[in-house]
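Overview (structure and organization)
Residues per chain, in single letters:
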Amino acid sequence: MTNSAAIFIESNTTGSGADFILRAQALGLVPVFVTASPERYAFLSRIVGLELRTCDTSSETDVRAVIDSVATDMRIALLTTSSDFYLYTAALEAKRRGLTGPDPNAIALCQAKDRQATVLRAAGICVPYSAIVRAECDISDAIKQIGLPAVAKPISGTGSIGVTFVDTETSATGALRKLLGTTNDVRGRAIQPGALLMSYVAGEEYSVEVLDNKILGLTRKHLGPLPHFVEIGHDVPAPISSRLLAKIENEALRAIQVLEHVKGPAHVELRVGEDCVTIIEVNPRLAGGSIPTLFRYTTGFDPVLAVLRSLLGMSSLPLRGGDHGSIRFIVPEREGTFALPQCEDLVDRFRLAEFVLYHTPPLEFRRCNDFRDRVGHVIAVGDDPTAVARRAEAAVAFILGA
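A short tour of the structure in this document, coming up. Residue numbers here run from 1 along each chain, matching the order of that chain's written sequence. Where totals are concerned, whole chains, interfaces and linings use all residues; where local detail is concerned, this predicted model gives features only for residues with pLDDT of at least 70, and gives and counts side-chain atom pairs only at 80 or more. Hydrogens and waters are ignored; side-chain quantities use all the structure's heavy atoms.

**Digging into the overall build of the protein chain**
Let me state the cut-off plainly: Only DSSP runs of H or I covering at least 4 residues are called helices, and only runs of E covering at least 2 are called strands; the numbering of each starts at the N terminus. Computation of the radius of gyration draws on C-alpha atoms, with the globule rule given as 2.2 Å multiplied by the number of residues to the power 0.38. Burial classification: accessible surface area is computed with a 1.4 Å probe over protein chains only, and a residue below 20% of its type maximum counts as buried, one above 50% as exposed, and the rest as partly exposed. Pairs of residues are marked as contacts when any of their non-hydrogen atoms sit within 4.5 Å. Only the protein chains shown count as cover for residues, with accessible areas throughout obtained via the Shrake-Rupley method and a probe of 1.4 Å. This count recognises Lys and Arg as positive and Asp and Glu as negative, with His and chain-terminal groups excluded. A charge is said to be at NZ when it belongs to Lys, at CZ for Arg, at CG for Asp and at CD for Glu.
Of regular secondary structure, the protein chain possesses 12 helices and 18 strands. For the protein chain, the C-alpha radius of gyration of 21 Å lies close to 21 Å, the compact-globule estimate for 402 residues. Seen along its three principal axes, the alpha-carbon backbone of the protein chain occupies a region of about 60 × 50 × 45 Å. A total of 402 residues make up the protein chain; the buried ones form 54% of that total. A separation of at least 24 residues holds for 64% of the contacts in the protein chain among residues at least 6 apart in sequence. For the protein chain, the computed accessible surface area is about 17,600 Å², with 50% contributed by carbon and sulfur atoms. Where the 41 positive side-chain charges of the protein chain centre and where its 46 negative ones centre are 2 Å apart.

**Some details on the packing of helix α4 (residues 104–111) against helix α5 (residues 113–122)**
The following threshold applies: To define axes, lines are fitted to C-alpha atoms, for helices over the stretch in contact only, and angles between the resulting N-to-C directions are given on a 0 to 180 degree scale. The labels follow the angle: roughly parallel below 35 degrees, roughly antiparallel above 145, roughly perpendicular from 65 to 115, and oblique for the rest. Note on residue classes: Ala, Val, Leu, Ile, Met, Phe, Trp, Tyr, Cys and Pro are nonpolar, Asp, Glu, Lys and Arg are charged, and everything else, Gly too, is polar.
Packing of α4 against α5 brings their axes to within 5 Å, and their N-to-C directions diverge by 100 degrees. Here α4 is positioned roughly perpendicular relative to α5, judged by the angle of their axes. Side by side, α4 and α5 meet where A108, L109, C110 and Q111 of the first sit next to K113, R115, Q116 and V119 of the second. Looking at the contact of α4 with α5, its residues break down into four nonpolar, two polar and two charged.

**Quick look at the side chain of S326**
Keep this limit in mind: What qualifies as a polar contact is a pair of N or O atoms within 3.5 Å, subject to a donor-acceptor requirement within protein and to the restriction that residues adjacent in sequence count only when both atoms come from side chains.
Following the sequence through the fold, S326 ends up in strand β14 (residues 324–330). Among the polar contacts made by the side chain of S326, one reaches the side chain of D235 at a distance of 2.7 Å.

**Section: the sheet that holds strand β5 (residues 130–133)**
How we decide: In short, DSSP must find at least two bridges between two strands for them to pair.
What the four strands build is an open sheet, ordered β5-β8-β6-β7; its pairing is antiparallel. Every other strand in the sheet has two partners, leaving β5 and β7 (164–166) as the edge strands with one partner each. This sheet shows a mean twist of 25 degrees between the axes of neighbouring strands, independent of strand direction. Direction of pairing for strand β6 (residues 150–153) relative to β7: antiparallel, over a ladder of three bridges. Counterpart to A152 in the pairing with β7 is T164. Along the sheet, α5 contacts β5, β6 and β8 (195–199); its crossing angle with β5, the most-contacted strand, is approximately 150 degrees. In the packing of helix α6 (residues 139–146) onto the sheet, contacts are made with β5, β6 and β8, and the angle to β5 comes to roughly 180 degrees.

**A look at the environment of G98**
Structurally, G98 can be placed in the loop between α3 (87–96) and α4. On a C-alpha basis, the gap between G98 and L78 in space is 9.8 Å, while along the polypeptide they are 20 residues apart.

**With respect to helix α10 (residues 303–311)**
Counting buried positions along α10 gives nine out of nine residues, so the element sits mostly inside the fold. Among the residues of α10, P303, V304, L305, A306, V307, L308, R309, S310 and L311 are the ones counted as buried. Looking at the buried positions of α10, the neighbouring elements they touch are β1 (4–9), α1 (17–26), β4 (75–80), β9 (204–211), β12 (265–273) and α9 (291–299). For α10, the capping residue at the N-terminal end is D302, with a side-chain oxygen 3.0 Å from the backbone nitrogen of V304. Phi turns positive one or two residues past the end of α10, at G313, with a value near 75 degrees.

**A short note on the pairing of strand β11 (residues 231–236)**
Most of β11 is tucked away: five of the six residues are buried. As defined by bridge partners, β11 adjoins β14 across four bridges and the pair is classed as antiparallel. In the strand pairing of β14, H234 is matched with I327.

**A few points about α1**
Quick reminder: α-helices carry 3.6 residues per turn. Residues three or four places apart thus point the same way. Of all 10 residues that make up α1, seven are buried, and the element is covered over most of its length. All buried positions along α1 are accounted for by G17, A18, D19, F20, I21, R23 and A24. Note on α1: the residue one or two positions beyond its end, G28, has a positive phi of about 85 degrees.

**Some details on the side chain of T89**
Looking at the element boundaries, T89 is found in helix α3. A relative accessible area of 11% places T89 in the buried class. Setting aside residues up to four positions removed in sequence, T89 forms contacts with I9, E60 and V63.

**Structural notes on the nonpolar core**
As a reminder of what qualifies: What makes a nonpolar core is a set of buried Ala, Val, Leu, Ile, Met, Phe, Trp, Tyr and Cys residues whose side-chain atoms join them at distances within 4.5 Å.
The biggest cluster of nonpolar side chains holds 34 residues, and the ones touching the most others in it are F8, F20, I21, F33, F43 and L44. Every element with two or more residues in this core is listed here: β1, α1, β4, α9, α10, β14 and β18 (376–382). At five residues, the largest contribution of residues to this core is made by α10. Residue contacts for F43: discarding those within four places in its chain leaves S11, N12, T13, G17, A18 and I21. Of all hydrophobic cores here, the second largest spans 23 residues; its members include A238, I256, V268 and L270.

Dropping the structure here:
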């Protein structure tokens, strides 16, 4: 067995999914992709040298059998995933095979958002107040306990799916009932019905990107209009004072340490209002929303490669500052058919580092009020953060107005 395998259990459908596989190849590993639905990933057909294994990835027994089968042919060097839905399974299997990786118990704690909030609050970390709703009879008490305005959200999940701002008893009841009636996640897997009602925290939103208990950087987040929380853009590095930066980073690291998620990547979402830092949630994974790509453009540091090097026990790569970068997502304002432009001169016209459409035009757009509303993105990079953001926003306006 001369070759070494990098096993990936499912993946993001966009963003860093393909990057993980390509970086593993660059490290001399044979990527093995384990999935229930290969057709979900358009990028698979473009990667030469990828080994594809199919099984029911919702079954730990089936996943384990595939991993053990790979182990008879190759040494397994690392085992991971870039998908929220399979973080626990990947961590559990990595531990079983004696591989480096995050603690499965820490992953489980982070992903149970009600338990996470309880543990953080007990440690004196500022988090929103929340009430768990398991049945319709819990709704009235939850509203009385938390008050309004508030945020209704799934107990576990990703991509802002099912997250709704509510400011009346009617809207809160409706949102919570809808979540209680949701029995499958976005990938069709069965889930236990339940919801959280969380106090609404006003303020600017940021995320801290972390690897192995070390800060990689701070991202400024831009959201679409309420009552939903669709992320429509990010800025790196976040334009804030050094005093506030230190305060945010300190709170993010405290949260990670309390949750004992000190190995592996973390994406800590928070809000800052009146100089108070409130941790919204800790996600035990690398940032989504093409934030790793933005870091690569602005610092030369590749977070995806850094995660793989960490899992292999290799030394970390140095961070270096420099440029400012803004990503803005293309989110149509109305439903219908869009012939989004394949503008050859768009990159030059707005001095973009990247222009990507996630689907081949024409696009039949139906709103989901979560990350699926994003049909593409642009990235601008430069030394002036204000000018960079304006170029990215102007490019999106041009695309949607074409």
